[in-house]
Amino acid sequence: LAYFDMFEYPLKKRELFTFLQHPAEYYEFEQALDYLLKESLVFKLNEFYSITNNFLLVERRFTGNARAEALLKKAASGARLISRFPFVQGVAVSGSLSKNFADKSADVDYFIITSPNRLWIARSFLHLFKKCTFLVNKQHLYCMNYFIDEAEPVIVEKNIYTATEVTTLLPMHGSATFEKFFTANNWTTGFL
């Protein structure tokens with residue numbers, strides 16, 4: 001809850017259980033949550049939970065979720081286009097959109113996996129393409145923010161932020177590539 005509170009994003013009960021950092025039985029989880037509610041350390045806002053007692057967060061989340069739904073359709077189209085570039089093996093949506101949230105200034109962030117030893121050439125092609133999107137004011141739909149190649153699929157920075165980002169990726173193309181990627185990054189289970 002504290003992590004998602006930094007992003008002003010209250011969680012549903014099932015989301016909260018999914019992101020537990022320590023394994024627990026569901027009944028233990030519910031007992032702990034009830035205790036936190038009773039002690040006013042956590043607040044229930046309709047179907048959401050937060051460490052901030054502010055109903056505006058719920059409204060913000062509903063609005064952001066609705067925007068994300070519309071933007072995800074554009075992201076699917078963008079991912080399809082990106083997947084056609086040379087050496088691109090997998091494309092996933094990352095960032096806030098992968099968590100089903102988009103504010104007014106949201107862009108579409110992509111996580112891209114390239115062929116082995118072809119990251120820099122693929123990145124160069126895609127960034128040349130990105131420059132062209134500025135000409136038609138579509139640059140916010142093509143933010144390629146993370147690249148890795150199949151030869152080195154393990155994310156080096158291992159922390160709660162990267163664990164959350166890895167586990168919430170929305171693969172759009174290259175399902176077999178992402179299956180290998182998630183297997184190589186099973187260290188995330190130690191955080192989540």
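Going by the structure above, here's the rest.
I will try to describe carefully the structure that is included in this document. In this text, all values refer to a predicted model and were calculated from it rather than measured experimentally.

Observations concerning the nonpolar core
Generally speaking, soluble globular proteins have nonpolar side chains that are buried together.
Then, number 1: In this structure, Ile82, Leu97, Tyr110, Ile112 and Leu126 are the most contacted members of the largest nonpolar core, which totals 22 residues.
Then, number 2: Those elements that provide at least two residues to this core are helix H4 (56–83), strand E4 (88–94), strand E5 (109–114), helix H5 (119–133) and strand E6 (143–149).
Then, number 3: In terms of residue count, H4 provides more of this core than any other element does, 5 residues in total.
Then, number 4: Among all residues touching Leu97, those that are not within four sequence positions of it are Ala68, Leu71, Leu72, Ala75, Ala102, Val108 and Leu170.
Then, number 5: Counting residues in hydrophobic clusters, the runner-up holds 12 residues, among them Ile113, Ala163, Trp187 and Leu192.

Comments concerning the sheet that holds E6
Then, number 1: Here we have 4 strands laid out as an open sheet, ordered E6-E5-E4-E7, and mixed in their pairing. Both outer strands of the open sheet, E6 and strand E7 (170–173), are each paired with one neighbouring strand and no more. Neighbour to neighbour, the strand axes of the sheet diverge by 30° on average, direction disregarded.
Then, number 2: In this structure, E4 lies alongside E7, joined through 3 bridges in antiparallel fashion. Bridged to Val93 within E7 is Leu170.
Then, number 3: The sheet contacts of H4 involve E4, E5, E6 and E7, and relative to E7 the element is tilted by about 50°.

The rules we used
- Residues numbered from 1 in each chain as written.
- Predicted model: local features only at pLDDT ≥ 70, side-chain atom pairs only at ≥ 80, totals over all residues.
- Heavy atoms only, no water.
- Core = buried A, V, L, I, M, F, W, Y, C linked by side-chain atoms within 4.5 Å.
- Buried < 20%, exposed > 50% of the residue type's maximum accessible area, 1.4 Å probe, protein only.
- Helix = DSSP H or I, 4+ residues; strand = E, 2+ residues; numbered from the N terminus.
- Contact = heavy atoms within 4.5 Å.
- Pairing = 2+ DSSP bridges.
- Axes fitted to C-alpha atoms, helices over the stretch in contact; angles between N-to-C directions.

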